[in-house]
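Spelled out from the first residue to the last, the chains are:
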Amino acid sequence: MAERMRILSGMRPTGRFHLGNYLGAAKNWVELQNQYECFYFVADYHALTTEPDGHTVEAKIFDLTADLLAVGLDPKRSVIYQQSKVPEVAELSLLLSMVTPLSWVLRTPTFKEMAKKHPDNVNLGLLSYPVLQGADIVMVKGQGVPVGKDQLPHLELIREVVRKFNRTYAPVFPEPRALLTEAPNIKGTDGKQRMSKTVGNIVGVTDDPEVIRKQVRSMVTDVKRTYMTQPGHPRTCNVCALYKFFFDDWQHYWDLCRKAQIGCGKKKELLAERIIETFQPFREVRAELSQERVAGILEAGSEAARAVARQTLAEVRQAVGLPPVL
Ligand code: TRP
């Protein structure tokens, strides 16, 4: 049998797991497990670029891992690990940075955005964020990287860095490519920006039903519709957009909305209950996961990832012209 392609992806532990994380990424990660050899990790080094105090990230690492396990990541089939437990990735990032022209990272859109948003915290880690991301990927010689659209510029940069590394030293790494998730960018409750923990416009997945009801109730809907008796515009309504993911007969609801036969309040109510019901099995699995079990899975996964990392680093050091580690 041909060797299965190796997949890698990571998520930063910066807050509660939300619809954007699930529909835009994790759902795909779960499905990829059937076909590929998968490495999935909690990107806690990356989280430090915006939250420099690791202590505040600890609880979020547990939360994110538990959520990922609850939605179907399977430690028997995938290597599930914690980035900082494999410190080899930091050395690899350093070595990749030697072949990364400054101009390439300076033009990264996410860096420019962050620098604009948080001008008081433009650190070097933020600038080299995509290089560390590249190290994550090539550390396991990942070939496919399931990500959302927003990550494409990073992947492009990483491919260029990999080509340059291979050209400069030796063809050590395969060129990774992005595996785009089908779900388009999920918008947040504000109906404007992408759903994101930092923006604070999220709808949860495994949160308590009451939390989800409140989040859905806060969603901005059709701004052109002031009264229920006015016809709605489902195409530009954020609540209607989510119906596509949660109702097979979403078109029926879109019609009702267009004919002013259902109001925004009612639509939100139905949506919230459907979200709660859809994710109830996840909520149950998550409730059963103890701190010890989650820690154990991360520990075992990190050990496995580290074995791969050591091997890659040995090869890399030789290619670059550095002595073997003691
Ligand atoms: N930058 C990714 C995000 O914000 C997280 C990430 C870190 C990642 N390292 C990665 C994703 C490696 C894919 C591969 O979503």
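Predicted, not measured: the structure shown is a model, and the values here were computed from it.

Things to note about the site of the ligand
Alright, step 1. Near the ligand you find 13 residues, and of these His46, Tyr129, Gln133, Asp136 and Gln151 are the closest.
Alright, step 2. Side-chain polar atom of Asp136 to a nitrogen atom of the ligand: 2.8 Å apart, as the coordinates give it.
Alright, step 3. Placement of the ligand is best described as lying within the largest pocket.
Alright, step 4. Residue assignment for the shell around the ligand shows that the elements contributing at least two residues are β1 (6–11), α8 (129–139) and β4 (144–147).
Alright, step 5. Among the elements that make up the shell around the ligand, the one with the highest residue count is α8 (4 residues).
Alright, step 6. Per-class residue counts for the shell around the ligand are 6 nonpolar, 5 polar and 2 charged.

Quick look at empty space enclosed by the protein
Alright, step 1. The full count for this structure, using the stated rule, is 1 cavity of 30 Å³ or more.
Alright, step 2. Here the largest cavity is characterised by a volume of approximately 30 Å³.
Alright, step 3. Contributing to the lining of the largest cavity are Tyr40, Phe41, Val42, Thr65, Leu68, Ile80 and Tyr81.
Alright, step 4. Considering every element that reaches the lining of the largest cavity, the biggest residue donor is strand β2 (residues 37–42), with 3 residues.
Alright, step 5. Counted by class, the lining of the largest cavity contains 6 nonpolar, 1 polar and no charged residues.

Digging into the domain arrangement of the chain
Alright, step 1. Splitting the chain by domain gives domain 1 (6–186 + 290–320) and domain 2 (209–278).
Alright, step 2. Here the C-alpha centre of domain 2 lies 35 Å away from the C-alpha centre of domain 1.
Alright, step 3. Taken together, the contacts link 5 residues of domain 1 with 4 residues of domain 2.
Alright, step 4. Between domain 1 and domain 2, roughly 330 Å² of surface is buried when both sides are summed, and carbon and sulfur atoms account for 99% of that area.
Alright, step 5. In this structure, the connection of domain 1 to domain 2 is made through 0 salt bridges.
Alright, step 6. Linking domain 1 with domain 2 are 0 residue pairs in polar contact (both at pLDDT 80 or more).
Alright, step 7. In the side of domain 1 that touches domain 2, the residues fall into 5 nonpolar, no polar and no charged.

Points about the packing of aromatic side chains
Alright, step 1. Applying the stated rule across the entire model yields 12 aromatic pairs.
Alright, step 2. Summarising the aromatic geometry, the rings of Tyr22 and Phe279 are spaced 5.4 Å apart at their centres and angled 85° between planes, so their arrangement reads as edge-to-face. Residue Tyr22 is located in helix α1 (residues 19–32), and its partner Phe279 is located in the loop between α13 (264–278) and α14 (280–288); the two are separated by 257 residues in the primary sequence. Residues Tyr22 and Phe279 agree in their burial class; the two are buried.

Observations regarding the pairing of strand β5 (residues 177–180)
Alright, step 1. Sheet topology note: the β4/β5 ladder contains 4 bridges and is parallel. Note on β5: the bridge partner recorded for Pro146 is Leu179.
Alright, step 2. Once you follow β4 into helix α9 (residues 152–168) and on to β5, the crossover reads as right-handed.

A few points about the pattern of salt bridges
Alright, step 1. Under the defined criterion, the tally for this structure stands at 21 salt bridges.
Alright, step 2. We note a salt bridge from Glu160 to Arg107, for which the minimum N-O separation is 3.2 Å. Residue Glu160 is found in helix α9, and its partner Arg107 is found in the loop between α5 (102–106) and α6 (109–117); the two are separated by 53 residues along the sequence.
Alright, step 3. On the basis of relative accessible area, Arg107 is assigned to the partly exposed category, the value being 46%.
Alright, step 4. Between Glu175 and Arg163 there is a salt bridge whose closest N-O contact spans 2.9 Å. Residue Glu175 is found in the loop between α9 and β5, and its partner Arg163 is found in helix α9; the two are separated by 12 residues along the sequence.

A short note on the packing of α8 against α9
Alright, step 1. At a minimum axis separation of 9 Å, α8 and α9 run at an interaxial angle of 70°. Taken together, the axis directions place α8 and α9 in an arrangement best described as roughly perpendicular. Crossing geometry of α8 relative to α9 is assigned as right-handed. Here α8 contributes Tyr129, Pro130, Gln133, Gly134, Ile137 and Val138 to the contact with α9, which in turn contributes His154, Leu155, Leu157, Ile158 and Val162.
Alright, step 2. Of the residues that constitute the contact of α8 with α9, the class distribution is 8 nonpolar, 3 polar and no charged.

Details of the nonpolar core
Alright, step 1. One finds Phe17, Leu19, Tyr22, Leu271 and Ile275 to be the most contacted residues of the largest nonpolar core, which totals 60 residues.
Alright, step 2. When residues of this core are sorted by domain, at least three fall in each of domain 1 (6–186 + 290–320) and domain 2 (209–278).
Alright, step 3. Listed in part, the 39 residues of the second largest apolar core include Phe41, Trp104, Leu132 and Ile158.

Describing the layout of surface pockets
Alright, step 1. Within this model, the largest pocket holds a volume of roughly 1200 Å³.
Alright, step 2. Going through the elements one at a time, β1, α1, α6, α8, β4 and α9 are the ones with two or more residues in the lining of the largest pocket.
Alright, step 3. Top element by residues in the lining of the largest pocket is α6. It accounts for 6 residues.
Alright, step 4. Residues that form the lining of the largest pocket fall into these classes: 22 nonpolar, 20 polar and 7 charged.
Alright, step 5. Computed from the structure, the second largest pocket encloses a volume of approximately 470 Å³.

Thresholds, definitions, all that
Once a new chain begins, its residue numbering starts again from 1 and follows that chain's sequence as written. In keeping with the predicted nature of the model, local features appear solely for residues at pLDDT of at least 70, side-chain atom pairs appear and are counted solely at 80 or more, and the whole-chain, interface and lining totals rest on all residues. Neither water nor hydrogens contribute to the side-chain values; these are computed over all heavy atoms in the structure. Proximity is defined per residue: if any heavy atom of the residue lies within 4 Å of a molecule or strand, that residue is considered near it. We define a polar contact as two N or O atoms separated by no more than 3.5 Å, with the added condition that, inside protein, one atom must be a possible hydrogen donor and the other a possible acceptor, whereas residues neighbouring each other in sequence contribute only through side-chain atom pairs. Of the two site types, the cavity is a set of points on a 1 Å grid over the protein atoms alone where a 1.4 Å probe fits but cannot get out, and the pocket is an open set with protein on both sides within 12 Å along at least five of seven lines, each lined by residues with an atom within 4 Å of a point. To qualify as sitting in a cavity or pocket, a molecule needs more than half of its atoms within 2 Å of the grid points. Per the convention used, a helix needs a DSSP run of H or I reaching at least four residues, while a strand needs a run of E reaching at least two, with both numbered from the N terminus. For this classification, the nonpolar set comprises Ala, Val, Leu, Ile, Met, Phe, Trp, Tyr, Cys and Pro, the charged set comprises Asp, Glu, Lys and Arg, and every other residue, Gly included, is treated as polar. Grid points are joined across faces, edges and corners, and a volume is the space filled by probe spheres set on the points. Annotation comment: domain bounds sourced from an automatic or database domain assignment. In this description, contact between two residues means that some pair of their heavy atoms is separated by no more than 4.5 Å. Buried area: the accessible surface (1.4 Å probe) lost by two parts on joining, summed over both. Any carboxyl oxygen of Asp or Glu that lies within 4 Å of a side-chain nitrogen of Lys or Arg is treated as forming a salt bridge with it. Pairs were defined over the aromatic rings of Phe, Tyr and Trp, the Trp ring being its six-membered one, requiring ring centres within 6.5 Å. Orientation was assigned from the angle between planes: stacked under 30 degrees, edge-to-face over 60, tilted for the rest. Note on classification: 1.4 Å probe, protein chains only; a residue is buried when its accessible area is under 20% of the maximum for its type, exposed when over 50%, partly exposed between these limits. Following DSSP output, two strands are said to pair if at least two bridges run between them. Handedness rule for crossovers: strands pointing away from the viewer, path from the first strand over the helix to the second running clockwise, crossover right-handed. Every axis in this analysis is a line fitted to C-alpha atoms, fitted for helices over the stretch in contact. Angles between the N-to-C directions lie between 0 and 180 degrees. Any angle between 65 and 115 degrees counts as roughly perpendicular, while under 35 counts as roughly parallel, over 145 as roughly antiparallel, and the rest as oblique. When the near helix sits turned anticlockwise from the far one by under a right angle, the crossing is termed left-handed; a clockwise turn instead gives a right-handed crossing. Put simply, buried Ala, Val, Leu, Ile, Met, Phe, Trp, Tyr and Cys residues joined by side-chain atoms within 4.5 Å make one nonpolar core.

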